[in-house]
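Results of the structural survey
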Amino acid sequence: MEQKVLNVLQEEFPEVDFEASDALVDDGILDSLMITGIIAALSLEFEINIPYEEIIEDNFNSIKRLVNMVERLQKGC
């Protein structure tokens, strides 16, 4: 699952090294526009709805956190 999420993100944002940081938002690597793009890409690819309450910095700070969020939302469907 991690590789699939990583592939989607790398296709959308090739300039970002998602594996290099565990603080993508905290370090300013991702901004609000990029997070919006990530939400759209993951929603389409994995057929999930990312509710407003899931859009928190912690869920977007690392590839591991993003994968955890996708898996959690898939199980809830």
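Described below are features of the structure shown in this document. Computed from a predicted model, the values in this text were never measured in an experiment. (Residues numbered from 1 in each chain as written. Predicted model: local features only at pLDDT ≥ 70, side-chain atom pairs only at ≥ 80, totals over all residues. Heavy atoms only, no water.)

A look at the nonpolar core
Core analysis: the largest hydrophobic core is formed by 26 residues, its most contacted members being V5, L9, F18, L30, I38, L42 and F60. Of all the secondary structure elements, the ones that give two or more residues to this core are α1 (2–12), α2 (32–46) and α4 (63–76). Considering every element that reaches this core, the biggest residue donor is α2, with seven residues. Residues within four places of I38 in sequence aside, it is in contact with L9, F13, F18, L30, F60 and L66. (Core = buried A, V, L, I, M, F, W, Y, C linked by side-chain atoms within 4.5 Å. Buried < 20%, exposed > 50% of the residue type's maximum accessible area, 1.4 Å probe, protein only. Helix = DSSP H or I, 4+ residues; strand = E, 2+ residues; numbered from the N terminus. Contact = heavy atoms within 4.5 Å.)

Focus: unusual backbone geometry
In this model, E47 sits at a positive phi of 50 degrees, which is unusual for a non-glycine residue. Positionally, E47 belongs in the loop between α2 and α3 (57–60). By relative accessible area, E47 is classed as exposed at 71%.

A closer look at the environment of A40
Checked against the element boundaries, A40 lands in helix α2. On the accessibility criterion, A40 (38% relative accessible area) is partly exposed. Measuring from C-alpha to C-alpha, the distance between A40 and I50 comes to 8.9 Å, with ten residues separating the pair along the chain.

Describing the packing of α1 against α4
Between α1 and α4, whose axes approach to 10 Å, the crossing angle comes to 110 degrees. By the angle class used here, α1 and α4 are roughly perpendicular. Here α1 contributes E2, V5, L6 and L9 to the contact with α4, which in turn contributes I63, L66, V67 and V70. Classifying every residue of the contact of α1 with α4 gives seven nonpolar, no polar and one charged. (Axes fitted to C-alpha atoms, helices over the stretch in contact; angles between N-to-C directions. Parallel < 35°, antiparallel > 145°, perpendicular 65-115°, else oblique. Nonpolar A, V, L, I, M, F, W, Y, C, P; charged D, E, K, R; others polar.)

Here's the deal with the environment of D27
Relative to the helices and strands, D27 resides in the loop between α1 and α2. Measuring from C-alpha to C-alpha, the distance between D27 and K64 comes to 16 Å, with 37 residues separating the pair along the chain.

Remarks on α2
With 15 residues, α2 ought to run about 21 Å at 1.5 Å a step, and its terminal C-alpha atoms sit 21 Å apart, in line with that. By the burial criterion, the buried members of α2 are M34, I35, I38, I39, A41, L42, S43 and F46. At its buried positions, α2 is contacted by α1, α3 and α4. Two to three positions downstream of the cap, the backbone nitrogen of L33 sits 3.2 Å from a side-chain oxygen, assigning the N-cap of α2 to D31. (Expected span 1.5 Å × (residues − 1). Polar contact = N/O pair within 3.5 Å; in protein donor to acceptor, adjacent residues only side chain to side chain.)

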